[in-house]
Every structure is written in structure tokens, then in C-alpha cells.
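Descriptive analysis of the structure
Letter by letter, the chains look like this.
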Amino acid sequence: MNLLSLLSELIDALDVLIRAISDPLQQAQLVKLRECFEAMSDSAVHQLFDTTSQDFKDATIALGSATTAAKQGVSDVGKVASAINSAVTAANAVDKILGFLAHIA
Amino acid sequence: MKRILLGIITFLLSGCASTDQLSSIRTFSTAVHDFSASANDAFTKLNSSFVDRNIAEVANGDKPVADSTFVGVLDDSKGFQETTVALQALGTYADALGALAGANSGTDIDKAATGLYGALSAVDQDAGKVDPSAPKISSQDLGILATLVKAIGDGVARDKQAAAIRKAVEIADPAVQTICKGVGVELSSVRPVYVSNLGIVYTSEFQAYQREQKPLAYAERIIRLQDLRNATLARRNADAFLEKLTDSAQSLAAAHTKIKQSLADSTITLADVTRAIGQLKSYADELKAFNADLGKGTP
């Protein structure tokens, strides 16, 4: 699966989680993370990646794990914190190939 | 006498086959025209979904407003722009082909041929942008086509008209295949992003409703909930629409190949061509209906 699809899947999963929970702090954290992935996705539209690099493989694995964690958070409120942590890990992994966070810092 | 009769029957039969082929090409032309319009419309909606998403997030208080709020991400995408232009060229080519197939006088032929030369040059250039390794249309081929067009004459000999179309379809085919493939690749890559954008619009509206519902009267809540429902429908329809559009691009490429084969090889039956074009036409009709629904459901 390509990076754009994986990013979109995670954004969709975060969206469902944002709607499913009621804790405003967790909602705000998830909205910020979703914005970060949106910006990464917008940037990825214009780029070609070396899909054979280890960083790329790590990013795709982290995105998949974060999507799974977000889906688990929907059915189990106790797992929302873990979903947020997974999303942060994924954001850092994707940033390694996009250089996005360094660029906007 | 028998030989003369046989000759007349053969002439009539070959005349009929050419007329049927020309009729297929006119149907193909209409279907491609509709497909090209639907696809262009979809690309415009797709680009505007980024702005819809930004506006929804700003309105929800998730993001501050900025100049970039109103900029579609695909405005800067070279691949997106080239695919859009190539799609338009494809539509123009199909229109010109249809005009040549429907021409009934020498003046019609001249007019249609001028359009066709321009369209062939455009599809050739645009296919080269979508895929630089795509084969180019040679000036020799264009020269042969011009000779064949001239041979049609003022009386519009149907077999010569079919011969000119055969050459046009043959030389355009590699470019048509390249453009269709490029459209499919571009659509597949941006399809999940489009759906996500509409999902974010839905979530923003959803959160706003949760915040603001308490003081609302029943009737106002119903209106807001209907808006939310429309946002979910827009998302679902958009996904199905883009899937259909990708299938249509493949179907168009297949129909063009079938026409090329049928014009060059008598072993391909008209039924095969009709089936291939019918598939494309059915997709094009569905896309038209989808586009109308997307217009209603877009938040």
C-alpha cells in the first residue's frame, strides 16, 4: 500500500475516534495529530519516495500500527491514550522520510 | 449476370459494415466526451475538497484562518494538472473522431479533419507529459492520414471515410492508452485523500453539532442532522464515484483498442466492439448520475 493510502487510513481512523470519545483533552490531542497527518498527506501528494529504504518501511509499519491502535480506541476507551502514543510514534516515523516537522519548525 | 449481382451484394455488405463501424465510433465519441467531462468535474471537486476541509477545520476552531486555507493542494501538483489537460485532449479527440464519422459533405469532412489534426497533436503532446517514454505520432503517419482524408471526396465515400478513421484511431491509440493509464494511476493515488478530506468535513460538522445542540429547537436540530447525513453521503458517494471513474478509464482504453482492432481486422466482430463501447457508455451514464448526486451531497 502507498504512503498516501496509509496516511488517509490513519486520518480516517483518527476521525472516527475523535467522534467516538467525549474527553475534550484527548479530543484536542487527536485533532492536533490528525492535522499533522493531514499536512503530511498534503505534502506527500507532490513527492516520490524511495519505497525500498528502511525509513520508508518503518513509516508504513508505524502508520499501520497507529491505525490499528486508533480502531481499538473506538471500542475500548481505556486504549485511547495508547492510540495517541502510537500516532505520535507514526508521526515521527513519517517525518523521517518527509522532513516535514523540521521544515515547519 | 450472377457475377454482377454478387458484386452488388458484396458492395452493399461492405457499405453496411462501414456504416455500422461509423455508428459505433459516434457512440464511442459521445461516451468519451461524457467520461472526459465527468472526470474533469471530479478532479475539480477533488481539489476543492482540500479547501472544504480547511474551511470546516477553521470554522470548528481547529485551525487559524490563513491564505493557505483557500488553496487546493492539487493546484501545485504537476501530475494532477497534466492529467487534467490530457483528459480534455482526450475529449477533444473523441469529439473530432465523432465529427469525422458523422460528416456528410466535403465541407463537414474538411472541418472535422482540421479538428482531428489538432486533437491528435494535443493527445500526442499530453501523453508525452503523462509518460515521457510514450511513443510519438510520426509526421509520416499524419501525412498518410491527410491523404486518406482528402480521398474521402465531396461525395463522402463511406469506405474511404472508414479508412481515414481507421488510420486516425491507429495512430492515436498509443497516446490514448498512455493517457487512460495515467488517469487511472492519478485517480487511484488521490482517491483515499479525497475520501479523508470529506471525512474531516463530516467530523468538524459532527463536533460543532455536539457543542451547539443544547439551545437548538427540534426543527433546527433536524436541519443540522440532515446536513450531517448529507456529509456522510457525500463521503460514501465520492469513494464509489472515483472507483467507477478509474474503471471507466480502463474501459475507455479497452474500447479504443477494440475499435482499432475491428477497423484493421475483420475477424473482430461488430458485436465485440458494441459490447466494449456499451460498457464504456454505461460507465459514462453512471458517472453523469453520480456527479449529479455528488452536487447535492457536497457540504
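On a predicted model such as this, the values are computed, not experimentally measured, just so you know.

Moving on: the overall build of chain A. Along chain A, the regular secondary structure elements total 5 helices and 0 strands. Starting at the N terminus, the α and β elements of chain A follow one another as α-α-α-α-α. The globule rule puts the C-alpha radius of gyration for 105 residues at 13 Å, and the 13 Å found for chain A is close to it. Viewed in the frame of its principal axes, chain A has a C-alpha envelope of about 40 × 25 × 20 Å. Buried positions account for 42% of the 105 residues belonging to chain A. Here the contacts in chain A between residues at least 6 apart in sequence split such that 71% fall between residues at least 24 apart.

This part covers the overall build of chain B. The helix and strand inventory of chain B stands at 7 helices and 0 strands. Mapped in sequence order, the helices and strands of chain B form the string α-α-α-α-α-α-α. Considering chain B as a whole, with its 299 residues, one finds that 41% of them fall into the buried category. In chain B, the share of contacts with a sequence separation of at least 24, taken over all contacts with a separation of at least 6, comes to 81%.

This paragraph deals with the interface of chain B and chain A. Taken residue by residue, the interface counts 15 residues in chain B and 16 residues in chain A. Within the side of chain B that touches chain A, the residues separate by chemical class into 7 nonpolar, 5 polar and 3 charged.

Counting residues in hydrophobic clusters, the biggest one holds 109 residues, and the most contacted among them are L10 of chain A together with L100 and V123 of chain B. The element contributing the most residues to this core is helix α5 (residues 158-212) of chain B, with 21 residues. Look past the residues within four positions of V123 of chain B in its chain and what remains in contact with it is A89, L90, Y93, A172, A175, V176 and I179 of chain B.

Moving on, we come to the packing of helix α3 (residues 54-75) of chain A against helix α4 (residues 80-98) of chain A. All names here are of chain A. Relative orientation of the contacting elements α3 and α4 amounts to 160°, with a least axis distance of 8 Å. Judged by the inter-axis angle, α3 sits roughly antiparallel to α4. With respect to the hand of their crossing, α3 and α4 are arranged in left-handed fashion. Contacts between α3 and α4 involve D55, F56, D58, A59, A62, L63, S65, A66, A69, A70, Q72 and G73 from the former and V80, S82, A83, S86, A87, T89, A90, A93, V94, K96 and I97 from the latter. Of the residues contributing to the contact of α3 with α4, the split by class is 14 nonpolar, 6 polar and 3 charged.

Take the environment of L4 of chain A next. By the element assignment, L4 of chain A lies in helix α1 (residues 3-20). The class for L4 of chain A is buried, based on 20 C-beta atoms found within 10 Å. Along the sequence, L4 of chain A and K79 of chain A sit 75 residues apart, while their C-alpha atoms lie 26 Å from each other. Excluding residues that lie within four positions of it along the chain, L4 of chain A makes contacts with S41, A44 and V45 of chain A together with S189, P192 and V193 of chain B.

What follows concerns the confidence of the model for chain B. Residue and element names in this part refer to chain B. Residue-level pLDDT values for chain B average 81, and 86% of them are 70 or greater. Residue range residues 6-17 is modelled with pLDDT below 50. Its contacts to residues more than four positions away, or to other chains, number 2 contacts. Taken together, the chains of this predicted complex give a pTM of 0.78 and an interface ipTM of 0.84.

Definitions and cut-offs
- Residues numbered from 1 in each chain as written.
- Chains lettered and ligands numbered in written order.
- Predicted model: local features only at pLDDT ≥ 70, side-chain atom pairs only at ≥ 80, totals over all residues.
- Helix = DSSP H or I, 4+ residues; strand = E, 2+ residues; numbered from the N terminus.
- Rg over C-alpha atoms; globule rule 2.2 N^0.38 Å.
- Buried ≥ 20, exposed ≤ 12 C-beta atoms within 10 Å, placed from the backbone.
- Contact = placed C-beta atoms within 7 Å.
- Nonpolar A, V, L, I, M, F, W, Y, C, P; charged D, E, K, R; others polar.
- Core = buried A, V, L, I, M, F, W, Y, C linked by C-beta atoms within 7 Å.
- Axes fitted to C-alpha atoms, helices over the stretch in contact; angles between N-to-C directions.
- Parallel < 35°, antiparallel > 145°, perpendicular 65-115°, else oblique.
- Left-handed = near helix turned anticlockwise from the far one by under 90°.
- pLDDT = per-residue confidence, 0-100.

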